[in-house]
Amino acid sequence: MMSLSPIEIEGQIVLAVEVRLPKTNLLVVTTEKGYIMCGALDVALLNEKLSDRKVIAGRAVGVRTIEELLEAPLESVTLEAERLGIIAGTKGKDAIMKML
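Below is a short write-up of the structure. (Residues numbered from 1 in each chain as written. Predicted model: local features only at pLDDT ≥ 70, side-chain atom pairs only at ≥ 80, totals over all residues. Heavy atoms only, no water.)

## Quick look at the side chain of Glu18
Topologically, Glu18 is positioned in strand β2 (residues 12-21). Residue classification places Glu18 among the buried residues on the basis of a relative accessible area of 15%. A distance of 3.4 Å separates the side chain of Glu18 from the side chain of Arg20, its partner in a polar contact. With sequence-adjacent residues up to four places away left out, Glu18 is seen in contact with Met1, Met2, Ser3, Asn25, Leu26 and Leu27. (Helix = DSSP H or I, 4+ residues; strand = E, 2+ residues; numbered from the N terminus. Buried < 20%, exposed > 50% of the residue type's maximum accessible area, 1.4 Å probe, protein only. Polar contact = N/O pair within 3.5 Å; in protein donor to acceptor, adjacent residues only side chain to side chain. Contact = heavy atoms within 4.5 Å.)

Right, here's the structure in full:
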């Protein structure tokens, strides 16, 4: 099952995506500029092999819900996210606000 839901963060609307798979869920919160995602995100791939795309993204591990994703510290971020001031340890919600 897949769900797409607009959610409000500090007065701004962003999109939450949840894909339920056997034994795991894929979780994403996205803006027009970038996104945060659960542990399935391969930050190294984005930084190394897809660097020309300049993806702004962050990864949180051990999260099971969109709410947890927004509250969790990001374990890793892309180089483009770092250029916006988003670093490892930034709370997911704070990273999203910098991506607006």
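Now, onward.
## Looking at the side chain of Ser76
Looking at the secondary structure, you find Ser76 in strand β6 (residues 76-77). Every residue in contact with Ser76, bar those within four places of it in the chain, is listed here: Val43, Gly58 and Arg59.

## What to know about a nonpolar patch on the surface
Among the surface-exposed residues, Met2, Leu4 and Leu15 lie close enough to one another that they form a single nonpolar patch of about 290 Å² accessible area. Turning to its location among the elements, Met2 is positioned in strand β1 (residues 2-9). (Patch = residues over 30% accessible without salt bridge, like charges linked within 9 Å, V, L, I, M, F, W, Y side chains within 5 Å. Areas by Shrake-Rupley, 256 points an atom, 1.4 Å probe, with all protein chains shown as cover. Salt bridge = Lys/Arg side-chain N within 4 Å of Asp/Glu carboxyl O.)

## What to know about the sheet that holds β1
Strand order in the open sheet made by the six strands is β1-β2-β3-β4-β5-β6, with mixed pairing throughout. Two strands in the sheet have a free side with no partner beyond their single neighbour: β1 and β6. Across three bridges, strand β3 (residues 24-30) lies against strand β4 (residues 35-37) in antiparallel orientation. Within the sheet, the bridge partner assigned to Val29 lies in β4 and is Ile36. (Pairing = 2+ DSSP bridges.)

## Brief notes about the pairing of β3
Summarising the sheet, β2 and β3 pair through seven bridges and their orientation is antiparallel. Across the sheet, residue Leu21 finds its bridge partner in β3, namely Thr24. Hairpin geometry of β3 and β4 is characterised by an intervening segment of four residues between the two adjacent antiparallel strands.

## Thoughts on unusual backbone geometry
Positive phi values are uncommon outside glycine, yet Glu10 reaches one of about 50 degrees. Within the secondary structure, Glu10 sits in the loop between β1 and β2. Exposure remark for Glu10: the relative accessible area of 59% places this residue in the exposed category.

## Re the pairing of β1
Bridge count for β1 against β2 is eight bridges, and the pairing is antiparallel. Each residue of the ladder has a partner; that of Ile7, found in β2, is Val14. Connecting β1 to the antiparallel partner β2 that follows it, the hairpin turn spans two residues, and Glu10 within it adopts a positive phi of roughly 50 degrees.

The analysis is restricted to geometry; functional conclusions fall outside its scope.
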